[in-house]
Amino acid sequence: MCFTAVNMSQDTTYRFSFGPWNISEGADPFGPEVRPLFPHESKFALYRPLGFEGVQFHDDDVVPELETLTPDQILKKTSEVRTMLENQGLTPEFVAPRLWFPAQTVDGAYTSNSAIDRAYAWDRTQKCIDVARALNCKAIVLWLAREGSYIRESKNARVAYQRLLETINQILQYDSDIEIWIEPKPNEPTDQAYVPTIGHAVAMAYASNDPKRVKGLIETAHALLAGLDASDEMAFALAHNKLASVHLNDQNGLKYDQDKNFGGANLRGAFNQVRVLEEAGFGSKGEFVGLDVKAMRTQKGHGVTAHLTNSRSLFLHLVDKVRSWDRQAEAQMIEARDYEALELAILKHLMGVK
Ligand code: GLO
Ligand code: MG
């Protein structure tokens, strides 16, 4: 295990990404869409003008209804999307198998109690990797949505973790280049999810047959739902060289996964995430700053994107705040162990008052 040396600050020009699901029509579990349909294919033309160059995909965002298609049909559709991305100057950041929709994954995918359903999950994962490779995309994301339980007694958690590790090793063997980025989340849709934190994900990486190809994607809201500080979670992954991407957003307390605008609930928490990323040189190896934000249902429009551009610009304002933060004064306050002064200085810096 090696910890990377501290790499204080940088002049990274950040590149941003999001997934097409972040432009939505406002449906929630209690009500239907409230905005006119904005077709998937029209979303890609918005990326560059909005300041984004990375696209995050689910497998069926690339190839709709991929289950009903032959391998040749899947490849044909994928190559059309690849050409479209090239024409638009966009990079596919990752492809994630959407393993939470199909009937076969009601009780989980890789950790389902049903061998037939686990076989389905593996088949779908292979298809997802094939799509990623054909898109020239180097990573798949595992958001382990239904790998967990509604009641503890329904599954053997030890066996479930073994099954997850077997799947990770199978993926590594199936494709000798692909990286696996695990996106931890502690709950929702299940009551208790396996791999709830980045610590669990990093442990899985080290236990795998090729640790350097297994990394993590940290979402702010998911860390907060686990009762943890998102910037500390990011710092942990960065210390292990395992932060492949982020899903920046925000969360107001312990409730459903809100995907609020970055900094919308806790500006200081957002500042600290940016500070940790900046200090570690995140982005300098081509990593994207990903956003996983949901537009408010109240927002009017057709193809609503203000939540994306606002979160991106908030991030960039906070980069300025990190870069203009007086490090000498900080060092003196830390040296004097005057954390009262340090806290006030940070709050005033964020408010822009002297
Ligand atoms: C849900 C997740 C989800 C994933 C996406 C990519 O809570 O955050 O949005 O990020 O499906 O795997
Ligand atoms: Mg996410």
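Treat the numbers as computed from the prediction; the structure is a model and nothing was measured.

Q: Looking at this structure, I do not really get helix α5 (residues 157-174). What am I missing?
A: Within an α-helix, residues lying three or four positions from one another point in the same direction, as the helix has 3.6 residues per turn. Between its first and last C-alpha, α5 extends 25 Å over 18 residues, near the 26 Å set by a 1.5 Å rise per residue. What α5 keeps buried is the set A160, L164, T167, I168, N169, I171 and L172. Where α5 is buried, its residues meet α4 (115-134), β4 (139-143), β6 (179-183), α6 (198-207) and β8 (214-219).

Q: Where do I start with the site of ligand 1 in this structure?
A: In the vicinity of ligand 1, 13 residues are found, and the nearest of them are H58, E183, K185, E219 and D292. H58 places a polar side-chain atom, nitrogen or oxygen, 2.6 Å from an oxygen atom of ligand 1. In the model, an oxygen atom of ligand 1 is placed 2.7 Å from a nitrogen or oxygen of the E183 side chain. Isolated, ligand 1 exposes 320 Å² of accessible area, and the fraction of that covered by the protein chains is 93%. Split by residue class, the shell around ligand 1 holds five nonpolar, three polar and five charged.

Q: Please clarify how the coordination of the magnesium ion (ligand 2) should be interpreted in this entry.
A: As a benchmark, a tetrahedral metal site with four donors has ideal angles of 109.5 degrees, while an octahedral site with six donors has ideal angles of 90 or 180 degrees. Here the magnesium ion (ligand 2) is held by E183 (OE), E219 (OE), H247 (ND1) and D292 (OD), and the distances to it run 1.9 to 2.2 Å. Taken together, the six donor atoms coordinating the magnesium ion (ligand 2) and their angles of 82 to 171 degrees define a geometry best described as octahedral. Of the residues examined, E183 reaches a relative accessible area of 6% and is grouped as buried.

Cut-off values and rules
Residues numbered from 1 in each chain as written. Chains lettered and ligands numbered in written order. Predicted model: local features only at pLDDT ≥ 70, side-chain atom pairs only at ≥ 80, totals over all residues. Heavy atoms only, no water. Helix = DSSP H or I, 4+ residues; strand = E, 2+ residues; numbered from the N terminus. Expected span 1.5 Å × (residues − 1). Buried < 20%, exposed > 50% of the residue type's maximum accessible area, 1.4 Å probe, protein only. Contact = heavy atoms within 4.5 Å. Near = heavy atom within 4 Å. Polar contact = N/O pair within 3.5 Å; in protein donor to acceptor, adjacent residues only side chain to side chain. Areas by Shrake-Rupley, 256 points an atom, 1.4 Å probe, with all protein chains shown as cover. Nonpolar A, V, L, I, M, F, W, Y, C, P; charged D, E, K, R; others polar. Donors = N, O, S within 2.8 Å, 3.2 Å for Na, K, Ca; no water. Tetrahedral: all angles 85-135°; square planar, octahedral: opposite > 155°, others 65-115°.

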